[in-house]
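Structural description and commentary
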Amino acid sequence: MKRHLQCALLVLAACGLSAPSLDAQTPLRRRALLIGIDDYTASTLPRPLRVKTDHRGWPDLKGAANDAGILREMLVLLYGFDPDDIVLLRNQQATRAAILQSIEQHLVKPARKGDVVFYYYAGHGSQVPNPSSDELDRLDESIVPADSRLGASDIRDKELRPLFNRILDRGAHLTLILDHCHSGSGFRGLPTGAHPRGIRRGREINDPTRYGPRPDERGALVLASTQDLDPAWETRGDDDLMHGSFTWAWIRAMRDAVAGEPAQETFLRAQARLRGETPYQAPAMLGPAEARLRPFLGVRIDRQGDRPVVAVERVEPDGNIVLQGGWANGLSVGTELSCVSDRALTARLRVTTILGLGRSIARMETGRGMPQAVRAGALLEVVGWAAPPGRPLRVWAPRVSGDVRKIAKLARRLATAGKPRWVADPIDTAPTHVLRPRGTGWELLDHDGNISHFDNEPSLFAAIARLHPSASLFVQFPAPAALIDGIGIGPGTDREGIVPVDDPRDADYILAGRYASRMEYAWLRPLVRNDERRDSGLPQRTAWVAEDFRDGTLRDSVEALRRSVLTLRRIHAWHRLESPPNTRAPYRLVLLREKTKELVRDGAVIGGDTYSVVLRAAQPLASTITPRYYYAFVIDSHGKSFLAFPETGSVENRFPLRDPAPTEIRLGNASAFDITHPYGVDTYFLLSTDEPLPNPSVLTWDGVRVPEWTQPLSPLEELLFLTTSGTRATRALTTSRWSIERVAFESVAPRKNAASR
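To keep things clear, this report deals only with the structure shown in the data block.

Here is what the cut-offs are and how they apply
- Residues numbered from 1 in each chain as written.
- Predicted model: local features only at pLDDT ≥ 70, side-chain atom pairs only at ≥ 80, totals over all residues.
- Heavy atoms only, no water.
- Helix = DSSP H or I, 4+ residues; strand = E, 2+ residues; numbered from the N terminus.
- Rg over C-alpha atoms; globule rule 2.2 N^0.38 Å.
- Buried < 20%, exposed > 50% of the residue type's maximum accessible area, 1.4 Å probe, protein only.
- Contact = heavy atoms within 4.5 Å.
- Areas by Shrake-Rupley, 256 points an atom, 1.4 Å probe, with all protein chains shown as cover.
- Axes fitted to C-alpha atoms, helices over the stretch in contact; angles between N-to-C directions.
- Parallel < 35°, antiparallel > 145°, perpendicular 65-115°, else oblique.
- Nonpolar A, V, L, I, M, F, W, Y, C, P; charged D, E, K, R; others polar.
- Pairing = 2+ DSSP bridges.

When you go through the protein chain residue by residue, the secondary structure sums to twelve helices and 42 strands. Over its C-alpha atoms the protein chain spans a radius of gyration of 27 Å, differing by no more than 12% from the 27 Å that the globule rule assigns to 757 residues. Reported as C-alpha extents along the three principal axes, the dimensions of the protein chain are approximately 75 × 75 × 65 Å. Among the 757 residues that make up the protein chain, the fraction classed as buried is 57%. Put simply, 75% of the contacts in the protein chain that link residues at least 6 apart link residues at least 24 apart. Accessible area for the protein chain stands at about 31,700 Å²; split by element, carbon and sulfur atoms hold 50% of it.

In a pair of packed helices, the angle between the axes and the distance between the axes together describe the arrangement. In the contact formed by helix α8 (residues 404–415) and helix α9 (residues 457–466), the axes pass within 10 Å of each other and the chain directions differ by 40°. Between α8 and α9, the angle falls in the class oblique. Facing α8, whose interface residues are Leu410, Arg413 and Leu414, α9 presents Glu457, Leu460, Phe461 and Ile464. Grouping the constituent residues of the contact of α8 with α9 by class yields five nonpolar, no polar and two charged.

If you trace the three strands from one edge of the open sheet to the other, you get β4-β5-β6, paired in antiparallel fashion. Edge positions in the sheet fall to β4 (125–129) and β6 (155–156), since each of these pairs with one other strand and no more. As defined by bridge partners, β4 adjoins strand β5 (residues 139–143) across five bridges and the pair is classed as antiparallel. Within the sheet, the bridge partner assigned to Pro129 lies in β5 and is Leu139.

Function cannot be read off these values alone, since they describe shape.
Below, the structure is given as structure tokens:
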């Protein structure tokens, strides 16, 4: 950490910058309290002699403590926090008393005008019934401390209000991130066994006290991972570690923030990532316009203009150059850097290894000697962006020995084992219970998150018989081993971009079987519901494929399921494609309905109607904008892509045409297209680049089939082609300035009243 701080000071001094500030005056201090609780066992805490607590579940989490630790390092690396000014409470350190004392002693008492104060909480949230609450639902939101199991009361949001308001009274800038929810029960779609960051309500209190206004009403910036009544989930990130879904989206948005970027813009990019990855979780930003338009926690210290700047830690005898910059600074393997102090130096360094958030190793270009300017303390700026390795599509496909007839026989027996109503599709109808294979046995999940295991069929049938007649059940059947082997995914195959996982909680899609007079299989996206289809361009499930039993080879099912998972992989790769953070286009894509000449604002387009593309300014435009080439293309829910604009070649697609640049550019007939079957959620992409694409047809393909290209590809086209093919086995270094934006629209069948929409 000392090295990181020294590096930050070196960057500031060399770039001629003062310490980052929110206003014209330099803040006196930056302080943070970071709380992350995974462990709710209270196993190391002193137990009170007498305690009576209601059973609230308290399932342990997996990513909260990790998130708090990563944020600590990023505050130092990116925003210049002194490590001594960051208090980190993890797991059983975060008791009720410790949390309240740390807020008082570390955040409130030392706060002065201009200070930057940051509070982060990740862990379980809940609600406390309060008949005298000023909330309409008479429920006070709360966070759950690590000693809750021992009888410690939740910390209600109202208790925190006066503490945070005292910070604002002192003139400090307060930012809060809350990654928890207020409920921990209920199924949504196909469950995986993952627990949201919330537990059952606490014991009722009667507190009529008025604690003052909410901090966001007085100038604080508050980022909430989810809405009041929705759960907040955890996910496995690209780093193979568990994170809160919102925190992981926010950490990456922090990493990619450009100099002076408003917090609102950072939030919108985090929200877009979350929508693509966890569409059933909607974050919220609260606070006045002044707080939203300030940079999050001040200006980044690792930026010179729009480029990341990192320092050389040391030069090894073998030629390795250890850098004080890593993943958090936007570096990846292949990133090219040059020396700030000697801009005439043409030799470049290339990153060869990422060691972590704040460190990496680079080497000089092959055949180049070590320039004198490259030494300990020298500053390097990024001059060449390399695409980071894409995350594979993770799938869980439970298998059993034997053929599909054996599975169908078990299904018929289960159908008569009890009285619960069978659910045909958990995405359409959320069941109260799910039965699924696990290892050599089965497990039953209920809507409270409880899991019962069964190693033999008699105990399984008995459990199904005991379910209440009002219960509903989805039985997720495994697939025969021959079916999964026939699909052929994972290491050792030509589909290395699709990786089988052992834990359903890590899966992007699950291969699920159902029994509907015969066995059927489909790839299902877990935890999503049918009414959330507009929130993400990733399909909720593929078509159910039925086995015809002709010869027991499953040949029809194998081919259909292979094609569908390849399509999912391609759509997934395009949704996760990242462009350089400092080259975002000034325009965004919207659609115009030609019949009414109105912009589409409800996220739906109507079958049979004609639409055209409109470029609208994302924010106030500068007086002078460098023109770019724009390409608009669409990927439908079946994985097929077509180029909407320009129709042929890179012709008349460079904008803006004049200064000052218009805030809206209507492309009209040149981009007009009709909405036709198949209907579903389609994703519209806007690609901008300062160099035209010699082969813009690289953006078009038919389903899972990818064309072969004989013409040479530019570095950007090579990257796009790799994404199209569903693999990111190599990294492409792109030298042009480019960006890609995406927005999902739902295409719906024509309706009689469509003209009134």
